Amino acid sequence: MKKNIFTLLLLSISLTCTNVPKVATISKENGLKYIGETKELLMGTLMKKIKENGTENALEFCNINAIPLTNSVSEKNNSFIKRVSDKNRNPINKATNDELKIINYYKKKLLEKNELEAIVENNKLYSPIVTNAMCLQCHGEIGKNIQPKTADKIKMLYPKDLATAYKENEIRGLFVVELKN
Ligand code: HEC
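The shown structure was predicted, so the numbers you read here are calculated from the model rather than taken from an experiment.

Q: Just checking my understanding: could you explain the side chain of S85 for this structure?
A: With respect to the helices and strands, S85 occurs in the loop between β1 (79–84) and α4 (97–111). There is a polar contact of 3.5 Å between the side chain of S85 and the side chain of D86. At a separation of 2.8 Å, a polar atom in the side chain of S85 contacts the main-chain carbonyl oxygen of R172. Sequence-distant contacts of S85, defined by excluding residues within four places in its chain, comprise N93, K94, A95, I103, Y166, R172 and G173.

Have a look at this one:
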């Protein structure tokens, strides 16, 4: 009887071990597709808002909607999508140590004029976010690219803002995509 219980115990342990749920693995293709969708949604809405209401009102719009819009694409694709930066505007978007390493890797690649390819590491997909001229009205130099009214609004909404003084074609941060399991 004792032996039987022991066998049963062993059997249940081994069954539990084999029953560990499988972790879905992310592919570059899917990750980049979700990032593409997020970019399209964020950029499309941002451009529309700048055109309709000007930069400083668009800024307010980003303040309220950038994360919810990103989350809407996450939900749709059963994933977690975020934007992070070493010089973050929203404290929520501060890069972790692992993410900082990847940001620095991309900075080096960009300096060496190498292609910036997406990376899959620890089942997460990372893709660099690079500035262009359009970004500078909110992320460039205050007084030069950023109008005083916009600068005031940035200070009001983000007293600890780090995301200014960028030039064109610099690493602004990363998209990080994970799958929900
Ligand atoms: C109208 C102003 C505006 C423009 C133009 C703009 N941004 Fe931003 N950006 C913001 C605001 C506001 C936030 C903070 C959003 C939040 O609170 O979630 C932000 C946040 C970000 C973040 C998330 C990390 C962080 O610092 O919080 C990235 C990455 C980013 N912007 C990249 C860009 C890039 C690249 C461009 C150009 C293609 C751009 N932005 C153009 C206003 C702008």
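Q: What should I look at first to understand helix α3 (residues 55–76) in this one?
A: Given a rise of 1.5 Å per residue, 22 residues ought to cover 32 Å, and the 29 Å separating the end C-alpha atoms of α3 matches this to within 8%. Helix geometry: α3 is bent most strongly at N65, by close to 50 degrees, with proline P68 lying one to four residues after it. Turning to α3, its buried residues number three or more, namely T55, A58, L59, F61, A66, L69, T70, V73 and S74. Where α3 is buried, its residues touch α2 (28–53), β1, α5 (136–139) and α6 (148–157). Following α3 by one or two positions, N78 adopts a phi angle in the positive range, close to 50 degrees.

The rules behind each value
- Residues numbered from 1 in each chain as written.
- Predicted model: local features only at pLDDT ≥ 70, side-chain atom pairs only at ≥ 80, totals over all residues.
- Heavy atoms only, no water.
- Helix = DSSP H or I, 4+ residues; strand = E, 2+ residues; numbered from the N terminus.
- Polar contact = N/O pair within 3.5 Å; in protein donor to acceptor, adjacent residues only side chain to side chain.
- Contact = heavy atoms within 4.5 Å.
- Expected span 1.5 Å × (residues − 1).
- Bend = angle between axes of the 7 residues up to and from the residue.
- Buried < 20%, exposed > 50% of the residue type's maximum accessible area, 1.4 Å probe, protein only.

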